[in-house]
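Topology and contacts: notes
Spelled out, the chains give:
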Amino acid sequence: IVLYPNDPLPDDGIIDVLIHRKPPPPNQSTQTQPLSSVDFLHELDRQTQMIIIKILELQKQGLLTGKSAIPGTAERLTIHSDVTMAELRRLRHQFITYTKMHPFEGVEKISTLFVQYLNN
């Protein structure tokens with residue numbers, strides 16, 4: 001619609017668009033995220049850091065072969081080559097960013113999901 005200074009305002013059209021319009025269908029931007037526990041980010045940071053430290057210890061001792069046990073989870077870590085600290089930090093940062101965008105409930109799942117993330 002093009003309006004010129006002398007044209008009357010289409011009041012009914014404006015009211016229909018602003019008030020009577022059907023809301024858009026729900027999607028990721030319009031739905032509320034589940035509430036996470038108060039210390040979720042702290043636990044996320046702590047548990048992922050502990051897993052990285054454990055991986056580096058196992059790697060240093062030469063025990064990181066095949067499927068390695070990681071404390072805090074029944075999930076086994078499968079890494080076939082040496083990984084640098086920088087690469088592990090990058091993967092950890094990606095996991096934390098993903099988790100902030102797609103939160104889940106339960107801090108007990110953090111270790112398992114992080115090991116699954118590293119395996120993939």
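Relevant structure appears above.
Within each chain, residues carry numbers counting from 1 in the order of the written sequence. Restriction of local features to residues with pLDDT of at least 70 applies here, the model being predicted, together with a cutoff of 80 or more for giving and counting side-chain atom pairs; totals for whole chains, interfaces and linings are based on all residues. Hydrogens and water molecules were not included; the side-chain quantities draw on all heavy atoms of the structure.

What follows is about helix 4 (residues 110-119). Side chains of residues three or four places apart in an α-helix project in the same direction, reflecting 3.6 residues per turn. Restricting attention to buried positions, one finds in helix 4 the residues Ile110, Ser111, Phe114, Val115 and Leu118. Buried residues in helix 4, looked at end-on, bunch into an arc of 125°, giving them a common side. Packing partners of the buried residues in helix 4 comprise helix 2 (40-61), strand 2 (76-78) and helix 3 (85-101). Accessible area is worked out with a 1.4 Å probe on protein chains only. A residue is then buried under 20% of its type maximum, exposed over 50%, and partly exposed in between. Working definition: helices are DSSP H or I runs of at least four residues, strands are E runs of at least two. Numbering for both runs from the N terminus. The reported arc concerns the directions from the helix axis to the C-beta atoms and nothing else. Contacts are residue-level and defined by heavy atoms, with any inter-residue pair within 4.5 Å sufficient.

With 20 residues, the main nonpolar core has Ile51, Ile55, Ile70, Leu77 and Leu118 as its most contacted residues. Those elements that provide at least two residues to this core are helix 2, helix 3 and helix 4. In terms of residue count, helix 2 provides more of this core than any other element does, six residues in total. With residues up to four places along the chain from it excluded, the contact list for Leu118 reads Ile51, Ile55, Leu77 and Leu91. To form a nonpolar core, buried Ala, Val, Leu, Ile, Met, Phe, Trp, Tyr and Cys residues must be joined to one another through side-chain atoms within 4.5 Å.

Attention now goes to the packing of aromatic side chains. Between rings of Phe, Tyr and Trp, where Trp is taken as its six-membered ring, a pair exists when centres lie within 6.5 Å; planes separated by under 30 degrees are stacked, by over 60 edge-to-face, and by other angles tilted. Scanning the model with the defined rule gives three aromatic pairs in all. Centre to centre, the rings of Phe95 and Phe114 are 5.1 Å apart; their planes meet at 50°, and the pair counts as tilted. Separated by 19 residues along the polypeptide, Phe95 in helix 3 and Phe114 in helix 4 bring together distant segments of the chain. Overall, Phe95 belongs to the buried group, its relative accessible area being 4%. You can call Phe114 buried: its relative accessible area is 0%.

Such coordinate-based values are descriptive only and should not be taken to indicate function.
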